[in-house]
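One-letter residues, chain by chain:
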Amino acid sequence: GAVVSQHPSWVICKSGTSVKIECRSLDFQATTMFWYRQFPKQSLMLMATSNEGSKATYEQGVEKDKFLINHASLTLSTLTVTSAHPEDSSFYICSAPALQKGYTFGSGTRLTVV
Amino acid sequence: QKEVEQNSGPLSVPEGAIASLNCTYSDRVSQSFFWYRQYSGKSPELIMSIYSNGDKEDGRFTAQLNKASQYVSLLIRDSQPSDSATYLCAVTNTGNQFYFGTGTSLTVIP
């Protein structure tokens, strides 16, 4: 139980385009979704916290207009990287608190901007 | 001050040995503690959770918690090359916001 499905697993896009990443909680309601970014050989860096039905909370230094987060339902949260640039290339991971199971993580999205 | 601190390593142990991973946290009211394993290019997966002082064993893994010392550790017995990964310690108070350490890289040498 407590599965978060994340899509796509990997995506390559041209510089200047936008990419949408989806995370769905399959068997529980995720009122909160955390979005992380991870660069090679570095730890998870929290980007933002989304709450169903309200605006996301962004960590310091994360541009909210560049990383658009929508959490319109209890089972779906999306992250859109707008006007992507090569420096946005990273591994993006979503996760949701799942009671005694701690964090349940999505499988991650490898974004490469060329 | 960082919420959760781990030695980044790398930690290398020979196959069959015991690997010891340590984590300290700063928030005294933390209630729940988790260890995650992350293989390169993959998302973290939960290994152990512990909530009470003492030891908790699950197969080759033992989590140890000492709330007075604000310390949690993970022991891996009979280490295998497949255990080579980064191990993340996570701490939470409310269950809604988790604080992760930077992770310890473990290499098990065949």
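Right above here is the structure, for reference.
Let me sum up the structure you'll find in this document. (Residues numbered from 1 in each chain as written. Chains lettered and ligands numbered in written order. Predicted model: local features only at pLDDT ≥ 70, side-chain atom pairs only at ≥ 80, totals over all residues. Heavy atoms only, no water.)

## Some remarks on the environment of Q38 of chain B
Relative to the assigned elements, Q38 of chain B resides in strand β4 (residues 32-38). With 50 residues separating them in the primary sequence, Q38 of chain B and L88 of chain B have C-alpha atoms 7.5 Å apart. Not counting residues up to four positions away in its chain, the partners in contact with Q38 of chain B are Q38, L44, F91 and I93 of chain A together with S43, P44, A85, T86 and L88 of chain B. In terms of polar contacts, Q38 of chain B uses its side chain to reach the side chain of Q38 of chain A, at 2.7 Å. (Helix = DSSP H or I, 4+ residues; strand = E, 2+ residues; numbered from the N terminus. Contact = heavy atoms within 4.5 Å. Polar contact = N/O pair within 3.5 Å; in protein donor to acceptor, adjacent residues only side chain to side chain.)

## As for the interface of chain B and chain A
Tallying the contact residues gives 18 residues for chain B and 19 residues for chain A. The contact between chain B and chain A buries some 1,300 Å² in all, and 54% of this surface belongs to carbon and sulfur atoms. On inspection of chain B and its partner chain A, the count reaches three residue pairs in polar contact (both at pLDDT 80 or more). Elements that contribute at least two residues to the side of chain B that touches chain A include exactly β4, β5 (45-50) and β10 (98-100) of chain B. Here the element with the most residues in the side of chain B that touches chain A is β4 of chain B; it accounts for three residues. (Buried area = accessible area lost by both parts, 1.4 Å probe.)

## Examining a nonpolar patch on the surface
A surface patch of nonpolar side chains, amounting to about 370 Å² of accessible area, comprises W10, I12 and V114 of chain A. With respect to the secondary-structure elements, V114 of chain A resides in the segment after β11 (109-113). (Patch = residues over 30% accessible without salt bridge, like charges linked within 9 Å, V, L, I, M, F, W, Y side chains within 5 Å. Areas by Shrake-Rupley, 256 points an atom, 1.4 Å probe, with all protein chains shown as cover. Salt bridge = Lys/Arg side-chain N within 4 Å of Asp/Glu carboxyl O.)

## Points about the sheet that holds strand β7 (residues 61-66) of chain B
Residues and elements named next belong to chain B. Pairing is antiparallel across the open sheet formed by five strands, whose spatial order is β1-β3-β8-β7-β6. Only two strands of the sheet have a single partner each, and these edge strands are β1 (4-6) and β6 (54-58). Ignoring strand direction, the axes of neighbouring strands in this sheet form an average angle of 20°. Bridging between strand β3 (residues 19-25) and strand β8 (residues 71-76) involves six bridges; their strand directions are antiparallel. Its bridge partner being in β8, L21 is matched across the sheet by L74. (Pairing = 2+ DSSP bridges. Axes fitted to C-alpha atoms, helices over the stretch in contact; angles between N-to-C directions.)

## What about the sheet that holds strand β1 (residues 4-7) of chain A?
All names here are of chain A. Taken together, the four strands give an open sheet; going across it, the order is β1-β3-β8-β7, and neighbouring strands pair in antiparallel fashion. Single-partner strands in this sheet number two, and they are β1 and β7 (67-73). Pairwise comparison of adjacent strand axes, ignoring direction, gives a mean angle of 15° for this sheet.

## As for the state of the cysteines
Scanning the model with the defined rule gives two disulfides over all chains in all. A sulfur-sulfur separation of 1.8 Å characterises the disulfide bridge that pairs C23 of chain A with C94 of chain A. One disulfide, between C23 of chain A and C94 of chain A, carries an S-S torsion of -95° and so falls in the left-handed class. One end of the pair, C23 of chain A, is in strand β3 (residues 19-25); the other, C94 of chain A, is in strand β9 (residues 90-97), with 71 residues separating them in the sequence. The disulfide bridge from C23 of chain B ends at C89 of chain B, spanning 2.1 Å between sulfur atoms. The S-S bond linking C23 of chain B to C89 of chain B shows a torsion near -70°; that makes this disulfide left-handed. Of this pair, C23 of chain B sits in strand β3 while C89 of chain B sits in strand β9 (residues 85-92), and the two are 66 residues apart along the sequence. The exposure class assigned to C23 of chain B is buried, which follows from its relative accessible area of 1%. With a relative accessible area of 0%, C89 of chain B lands in the buried category. Take C13 of chain A: it sits in no disulfide, and the sulfur closest to it among the cysteines is that of C23 of chain A, at 17 Å. (Disulfide = S-S within 2.5 Å. Buried < 20%, exposed > 50% of the residue type's maximum accessible area, 1.4 Å probe, protein only.)

Honestly, it's all geometry; don't read function into it.
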